[in-house]
Amino acid sequence: MRQFDRNAILAIVAYAGYLACMQYMTRHVSRIERPTTQSQRCNGNQVRRELMAQLEAHYNARSVIRMSYDAFTRLVAILRGRGLLRDNQYSFVEEQVAKFLHILSGQGRVRSESFFFRQSTETISRHFHKVLRALITLQDQFLVQPNGSTISPQILNSGGRFYPYFKNCIGAIDGTHIRVKVSKEDVSRYRGRKNYPTMNVLAACTFDLKFTYVLPGWEGSASDSRILDNALSREDNLNAPQGKFYLADAGYMLRFPILAEMSRYDVETVSEIVLACCILHNFLVDFDPDEEIIAQVDRDLMNNEPDHGLANGAIARGEDGRRGEILRDPIAAQMWNDYITRH
């Protein structure tokens, strides 16, 4: 009997040890990357070098990364020069940025990038978020609000069409809804005018098609007036210099198709992607303007029904609405009187 008890105890101890080992393996082994041979690493490096060489030689890099190769190298130089991205043993900054831009263009996802670049989905995802965070830090350079000290050249040189009526106008503001993925508990908060959860984004732009202020993150059910009030009162506020004004409900351009497929990202990531797209947009307006894309956006605005956000009476309420009328009505009267005089 004693021998049986001893054997039973040993068996229980051994089984307990086995369970402990299995539990440890379950928790920790999944974190360890699968070992690869030196030849596999070399093959992956060679594939990535060839892909980057093809991008450089491609006659139309815009079709792949939404910008010319010259603009791409300039962007890489800015990110590397400010110490925001660094080369590592397995990938250069150029490769990291190219992967990010290809995903942003809507042509690739993490899984497909993993196949093409011969890297794990974890590595691709890590590079995507690394570049995303780096781009957001460029806000101080590429998202600059007007101070109202000068008249916009687009207004001043309009041949009398906009000047002097809009000499104090410093830009246009509008809201747009972008689809997001949220938990079941938050769906009602993020479902506004659409049948699916969205994020309501407020943006301001100048007349040279540059974003000057972007406020993402608000749930789709939030009213435009509430978002605008917040934009004007928060610490990083929308700047409205004394005596200057913005036009409301004007169309503006986003040239990155990923914004139509944001439902696979969480709200925080969507906010960051929106900011990154606006920063990249301003960068491209400066260094790689694409007249065809601008013309395409103009055609879309002419052919599609506008998604009225701020114009649907949302901000024209109470004292704010009355002040807007006091500002708007004299401008409209002056424009009409000048038109009658000329004709």
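The structure we're discussing is the one just above.
None of these values were measured; they are calculated from a predicted model.

Visitor: So, the overall build of the protein chain: which residues are in play, and what are the values?
Guide: Across its full length, the protein chain carries 14 helices and four strands. Across the 343 residues in the protein chain, those meeting the buried criterion constitute 38%. Within the protein chain, counting contacts between residues at least 6 apart in sequence, those at least 24 apart form 69% of the total.

Visitor: Pulling in residues and values, what's your account of the sheet that holds strand 2 (residues 198-205)?
Guide: Sheet architecture is open: four strands sit in the order 3-2-1-4, paired in mixed fashion. Of all strands in the sheet, those with a lone pairing partner are strand 3 (211-219) and strand 4 (245-248), marking the two edges. Direction aside, the axes of adjacent strands within the sheet are offset by 25° on average. The pairing of strand 2 with strand 3 spans six bridges and is classified as antiparallel. Each bridged residue has a counterpart across the sheet, and for Asn200 the counterpart in strand 3 is Trp218. Lying on the sheet, helix 11 (residues 224-233) is in contact with strand 1 (169-179), strand 2 and strand 3; it crosses strand 3 at an angle near 125°. The sheet contacts of helix 12 (residues 267-287) involve strand 1, strand 2 and strand 3, and relative to strand 3 the element is tilted by about 165°.

Visitor: Any chance you could break down the packing of helix 5 (residues 93-104) against helix 7 (residues 121-136) for me, citing the residues and the numbers?
Guide: In contact at an axis separation of 9 Å, helix 5 and helix 7 are set at 90° when each is read in the N-to-C sense. Compared by their axis directions, helix 5 and helix 7 come out roughly perpendicular. Every residue of helix 7 that contacts helix 5 at Gln96, Val97, Lys99, Phe100 and Ile103 is listed here: Ile124, His127, Phe128, Lys130, Val131, Leu132 and Leu135. Taken together, the residues of the contact of helix 5 with helix 7 break down into eight nonpolar, two polar and two charged.

Visitor: Tell me about helix 4 (residues 69-81), and please be specific about residues and values.
Guide: With 13 residues, helix 4 extends 18 Å between its outermost C-alpha atoms, agreeing within 8% with the 18 Å of an ideal straight helix rising 1.5 Å per residue. Listed as buried for helix 4 are Tyr69, Ala71, Phe72, Leu75, Val76, Ile78 and Leu79. Note on helix 4: the residue one or two positions beyond its end, Gly83, has a positive phi of about 70°.

Visitor: Before we move on, could you go through the pairing of strand 3 and cite the residues and values that matter?
Guide: Within strand 3, eight of the nine residues are buried, which leaves it mostly tucked inside the rest of the structure. What sits between the antiparallel neighbours strand 2 and strand 3 is a turn of five residues, in which Leu209 has the positive phi angle 70°.

Calculation notes
Residues numbered from 1 in each chain as written. Predicted model: local features only at pLDDT ≥ 70, side-chain atom pairs only at ≥ 80, totals over all residues. Heavy atoms only, no water. Helix = DSSP H or I, 4+ residues; strand = E, 2+ residues; numbered from the N terminus. Buried < 20%, exposed > 50% of the residue type's maximum accessible area, 1.4 Å probe, protein only. Contact = heavy atoms within 4.5 Å. Pairing = 2+ DSSP bridges. Axes fitted to C-alpha atoms, helices over the stretch in contact; angles between N-to-C directions. Parallel < 35°, antiparallel > 145°, perpendicular 65-115°, else oblique. Nonpolar A, V, L, I, M, F, W, Y, C, P; charged D, E, K, R; others polar. Expected span 1.5 Å × (residues − 1).

In short, the description is geometric, and any link to function would need to be established separately.
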